[in-house]
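The primary structure of each chain is shown beneath.
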Amino acid sequence: MRKIEFFHHSIDDKDRERVTSVLKSIFLTTGKEVEEFEQKFSRYIGLRHTVGLTSCTAALHLSLIALGIGQGDEVITTPMSFCATANAVLHAGAKPIFVDVEEETGNVNASLIESAITERTRAIIPVHLYGQMCDMRTIHEIAQRYNLRIIEDAAHAIEASRDAVKVGQLSNSVCFSFYATKNITSGEGGALSANDESFAASIRMLRLHGINRDAADRYTGRYRHWDMSLLGWKYNMDNVQGALLIGQLERIEDLWKRRDMLWKTYEEELQSIKDVKPLKTVAHARHARHLFTILVPHRRRDALLWALQDRGIGVAVNYRPIHLLSYYRETFGYNEGAFPVAEEIGKSTISLPLYPSLEQKDIQYISKVLKEELSK
Ligand SMILES: *Cc1c(COP(=O)(O)O)cnc(C)c1O
């Protein structure tokens, strides 16, 4: 039987060589490769500062901390995301307030944000779902009016822009993930980018216990005593992760072009299947093409997931909405019906394989299987 993995990374021989040379060196933790990655990433994103971290969750968490958001504060976000987005708000001691999403994109519905604002609201965390940016111009305008911070969850959307705005341009901080299935990956890893120098300096301290010098500073030159001036976390990216990411970042546009081409193949192949609805790409936007998701009638969704798997095709569900996960139901008392659009997507969505080494004939096979299974 054919086997089409849900995801395959695009790490090549040069990336492996770069990692090997780190492993042959004495210095494995945060140093030269992390710095090189941070500089190159800043240039790619078009913001002044990037800080390499262990995950996007850490990036979201530290962004909230550095912006002074915690106990007693509310943060508006979307239920249609990975649980990390809302969990980071809880880690900071604040409360996530969900707002329902747009039917056609799954992104937070900007027109519903204002009615969720209270005197406790301090920030908005938009999530650029599947690689497509939220309406940042509108979200930014609301944030200005109510004096709210914006932290973008761009785990899916490094390469994205919309209405001539790139990720990170209209926010205080933009957070990225290099988890195993993301567009560029170091297995685990993350970063945030920002223009504000003192914000970036706080994040550098907070990623390493609140210590005022990193290991590279302590390792080179004559011994100098270090100090800890505030209570931070242990979230620093290491040189093995940095080395893995540098080459992928150099190829990021080529990797995107390949996924963009495959995306169009999917759209062509699937358009004749009446029970399959792809999500919409909005006008004036560059979609990062991270996850190709379809909506199918929800009575058939789970059977279809298993049928695809039985026929060798890897699948995922992005996402069952956060507010209906047991912890959130039990802690905050959410029930079905709270965010109907997100719930509808959660019941009908399937993510199909999408990565540069996927081939057009794989997509033809996946489409054929979908057609056969849905006509049963
Ligand atoms: C993967 C992901 C995260 C978490 O990223 P980690 O690097 O695993 O912490 C957060 N938000 C979204 C939307 C994600 O897909």
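Residues numbered from 1 in each chain as written. Predicted model: local features only at pLDDT ≥ 70, side-chain atom pairs only at ≥ 80, totals over all residues. Heavy atoms only, no water.

**Observations concerning the site of the ligand**
Okay, so step 1: Around the ligand sit 16 residues in total, of which Thr57, Asp153, His156, Ser177 and Lys182 are the nearest.
Okay, so step 2: Within the side chain of Thr57, one N or O atom sits 2.5 Å away from an oxygen atom of the ligand.
Okay, so step 3: The separation between an oxygen atom of the ligand and a polar side-chain atom of Ser177 is 2.7 Å.
Okay, so step 4: Of the residues that constitute the shell around the ligand, the class distribution is seven nonpolar, seven polar and two charged. (Near = heavy atom within 4 Å. Polar contact = N/O pair within 3.5 Å; in protein donor to acceptor, adjacent residues only side chain to side chain. Nonpolar A, V, L, I, M, F, W, Y, C, P; charged D, E, K, R; others polar.)

**Observations concerning the pairing of strand β4 (residues 121–125)**
Okay, so step 1: With four of its five residues buried, β4 lies for the most part within the structure.
Okay, so step 2: Pairing of β4 with strand β5 (residues 149–153), which is carried by two bridges, proceeds in the parallel orientation. Residue Ala123 lies in a different strand from β5, and its bridge partner there is Arg149.
Okay, so step 3: In this view, the connection linking β4 to its parallel neighbour β5 by way of helix α5 (residues 136–146) has right-handed handedness. (Buried < 20%, exposed > 50% of the residue type's maximum accessible area, 1.4 Å probe, protein only. Helix = DSSP H or I, 4+ residues; strand = E, 2+ residues; numbered from the N terminus. Pairing = 2+ DSSP bridges. Right-handed = clockwise from strand over helix to strand, strands pointing away.)

**Focus: the side chain of Ser81**
Okay, so step 1: With respect to the helices and strands, the residue Ser81 is situated in the loop between β2 (74–77) and α4 (84–91).
Okay, so step 2: Reaching out from Ser81, the side chain makes a polar contact with the side chain of Thr85 at a distance of 2.7 Å.
Okay, so step 3: Here Ser81 is in contact with Val127, Asp153, Tyr319 and Ile322, once residues within four sequence places are set aside. (Contact = heavy atoms within 4.5 Å.)

**Description of helix α2 (residues 32–45)**
Okay, so step 1: For α2, built from 14 residues, the straight-helix expectation of 20 Å at 1.5 Å per residue is met to within 8% by its first-to-last C-alpha distance of 20 Å.
Okay, so step 2: Of the residues making up α2, those classed as buried are Glu33, Val34, Phe37, Glu38, Phe41, Ser42 and Ile45. Taken end-on, α2 shows its buried residues confined to a sector of 165°, consistent with a single buried face. Turned more than 90 degrees from where α2 packs its buried face, Lys32 and Arg43 sit exposed.
Okay, so step 3: A positive backbone phi angle near 85° is found at Gly46, which sits one or two residues after α2. (Expected span 1.5 Å × (residues − 1). Arc of directions from axis to C-beta.)

**Some words on the packing of helix α1 (residues 13–24) against helix α8 (residues 239–250)**
Okay, so step 1: One way to put it is that α1 packs onto α8 with a least axis distance of 8 Å and a crossing angle of 155°. Here α1 is positioned roughly antiparallel relative to α8, judged by the angle of their axes. As α1 packs across α8, the resulting crossing turns out to be right-handed. Residues Asp15, Arg18, Val19, Val22 and Leu23 of α1 form the contact with α8, whose own contacting residues are Asn239, Val240, Ala243, Leu244, Ile246, Gly247, Gln248 and Glu250.
Okay, so step 2: Among the residues making up the contact of α1 with α8, the classes are represented as seven nonpolar, three polar and three charged. (Axes fitted to C-alpha atoms, helices over the stretch in contact; angles between N-to-C directions. Parallel < 35°, antiparallel > 145°, perpendicular 65-115°, else oblique. Left-handed = near helix turned anticlockwise from the far one by under 90°.)

**Describing the environment of Gly52**
Okay, so step 1: Relative to the elements of secondary structure, Gly52 occurs in strand β1 (residues 49–53).
Okay, so step 2: Sequence-wise, Gly52 and Gly70 are 18 residues apart; in three dimensions their C-alpha atoms are separated by 23 Å.

**Considering the packing of aromatic side chains**
Okay, so step 1: According to the stated counting rule, one finds 16 aromatic pairs in the structure shown.
Okay, so step 2: Residues Phe98 and Tyr328 carry aromatic rings whose centres are separated by 6.1 Å and whose planes lie at 65° to one another, so their mutual orientation is edge-to-face. In this pair, Phe98 sits in strand β3 (residues 95–98) while Tyr328 sits in helix α11 (residues 326–332), placing the two residues 230 residues apart along the sequence.
Okay, so step 3: Residue Phe98 is classed as buried on the basis of its relative accessible area, which comes to 5%.
Okay, so step 4: Accessibility expressed as a relative area gives 2% for Tyr328, which makes it buried. (Phe/Tyr/Trp six-rings, centres within 6.5 Å; stacked < 30°, edge-to-face > 60°.)

**Digging into a nonpolar patch on the surface**
Okay, so step 1: Together, Tyr223, Trp226, Met228 and Leu231 give the surface a local cluster of nonpolar side chains, amounting to about 490 Å² of exposed area.
Okay, so step 2: Residue placement: Trp226 occurs in the loop between α7 (215–219) and α8. (Patch = residues over 30% accessible without salt bridge, like charges linked within 9 Å, V, L, I, M, F, W, Y side chains within 5 Å. Areas by Shrake-Rupley, 256 points an atom, 1.4 Å probe, with all protein chains shown as cover. Salt bridge = Lys/Arg side-chain N within 4 Å of Asp/Glu carboxyl O.)

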